[in-house]
Structures are given as C-alpha cells and as structure tokens.
Amino acid sequence: MKKIDFRNDILPLKNELYRLALRITLNPAEAEDVVQETMIRVWNRREQWDEIESIEAFCLTICRNLSLDKTKRAGNQEAQLDEGHDAPDHSYDANPEEQAVQRDRIQLVRRLIDQLPEKQRACMQLRDIEGKAYKEIAQVLGITEQQVKVNIFRARQTIKQKYIETEKYGL
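The structure contained in this document is the topic of the report that follows.

Conventions and cut-offs
Residues numbered from 1 in each chain as written. Predicted model: local features only at pLDDT ≥ 70, side-chain atom pairs only at ≥ 80, totals over all residues. Heavy atoms only, no water. Core = buried A, V, L, I, M, F, W, Y, C linked by side-chain atoms within 4.5 Å. Buried < 20%, exposed > 50% of the residue type's maximum accessible area, 1.4 Å probe, protein only. Helix = DSSP H or I, 4+ residues; strand = E, 2+ residues; numbered from the N terminus. Contact = heavy atoms within 4.5 Å. Salt bridge = Lys/Arg side-chain N within 4 Å of Asp/Glu carboxyl O.

What follows deals with the nonpolar core. Of all hydrophobic cores here, the largest spans 36 residues; its most connected members are Ile 10, Leu 17, Trp 49, Ile 55 and Leu 141. Only α1 (6-10), α2 (14-25), α3 (28-44), α4 (55-74), α6 (118-129), α7 (134-141) and α8 (145-169) provide two or more residues apiece to this core. The element contributing the most residues to this core is α4, with nine residues. When neighbours within four sequence positions are excluded, Leu 17 is seen to be in contact with Val 35, Thr 38, Met 39, Cys 59, Leu 60 and Cys 63. In this structure, Leu 108, Leu 112, Ile 113 and Ile 159 belong to the second largest nonpolar core, which totals seven residues.

Below you can see the structure in the form of structure tokens.
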C-alpha cells in the first residue's frame with residue numbers, strides 16, 4: 001500500500017472538498033469551515049492512514065458528514081448557492097445577448113440542482129461535477145452503487161423536466 005503524505009495526497013483535495021461542502025451547505029463561509037474541519041479530522045487520524053483503502057473517499061466522507069451536520073444545525077435547506085464562484089463562460093464573448101441567455105440558463109440549472117433532495121444533489125455533484133465513479137460515490141455516501149445510479153437518474157430526470165417546464169412557460 002502507498003505511503004500517504006498530507007501535503008501531496010490530502011491537501012490537493014481541498015478544492016474538491018470545498019465544492020462538495022458548498023453543494024451541501026449552500027454557503028461559502030460554512031463550506032470553508034467544513035473543509036478546514038475535515039482537514040483537521042483527517043490529520044488527527046493519521047495513524048490510521050495506512051489502513052484506509054482510498055484516502056480521497058475517506059476525506060469526502062468526512063466532508064459530507066460534517067456538511068450534513070452543519071446544514072441540519074443551521075436549518076438552511078432553503079438557501080441558494082452563491083453564483084459568484086465559477087469562471088464565466090467566454091464561448092459567446094462576441095454576443096452579449098447570447099452571454100445573458102447562457103448565464104440565465106446556468107443560474108436556472110443551479111437553482112434546480114439546489115432544490116433536489118440532499119442525496120440526489122450529493123450524487124449528482126460527485127458524479128457530474130466531480131467526475132467520480134459510481135463505486136467511489138457509493139463508498140462516500142454509504143449507499144449501494146445501484147442506489148447511486150437511481151439517485152443520479154432521478155436527479156437528472158427532475159432537472160430535465162423542470163428545466164423544460166421553465167423554458168416553455170418562463171419563470
């Protein structure tokens with residue numbers, strides 16, 4: 001088994017942990033706190049690193065659990081994801097109208113994702129945004145691979161249906 005190094009193996013996960021925490025807490029400041037607490041907890045369990053099969057899944061699991069705890073304590077399920085953290089899409093630079101339409105569509109999809117149940121939202125975040133394998137997602141969330149697939153399917157169907165409804169009838 002590979003010797004795990006905090007600086008080279010765990011610290012680079014901070015952005016991925018932040019995105020997961022942000023998707024669950026829907027609050028940038030809380031997400032930063034969760035990442036910091038995750039790093040502290042992982043460091044405090046450094047004696048067990050050699051026994052861990054996937055340090056990335058271990059870190060993501062801790063981050064997810066801390067995020068859920070913080071969300072339950074704060075009761076902020078209705079909050080919206082802060083839109084200001086992604087780089088702008090420059091594919092329509094020449095046409096401001098197309099830029100505005102694209103921005104509106106991205107905001108709509110984000111709002112639809114934010115309205116999903118927590119498990120579906122987490123599965124979708126890990127699969128579609130982070131690019132994780134079903135097996136890894138199942139390990140992080142503590143569910144079966146089949147449940148991961150079902151949650152992702154339902155999340156995509158819900159977003160697709162609501163997106164079509166919204167585009168067809170407007171906001």
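That covers the picture; the talk isn't over yet.
Right, let's talk about the pattern of salt bridges for a bit. Taken as a whole, this structure holds seven salt bridges when the rule is applied. Put simply, Glu 56 and Lys 132 hold a salt bridge, and the shortest N to O gap is 2.0 Å. One end of the pair, Glu 56, is in helix α4; the other, Lys 132, is in the loop between α6 and α7, and 76 residues separate them in sequence. Because the salt bridges share partners, they merge into one network encompassing Glu 16, Glu 56 and Lys 132.

Note that every value here comes from positions in space, so none of it alone points to a role or purpose.
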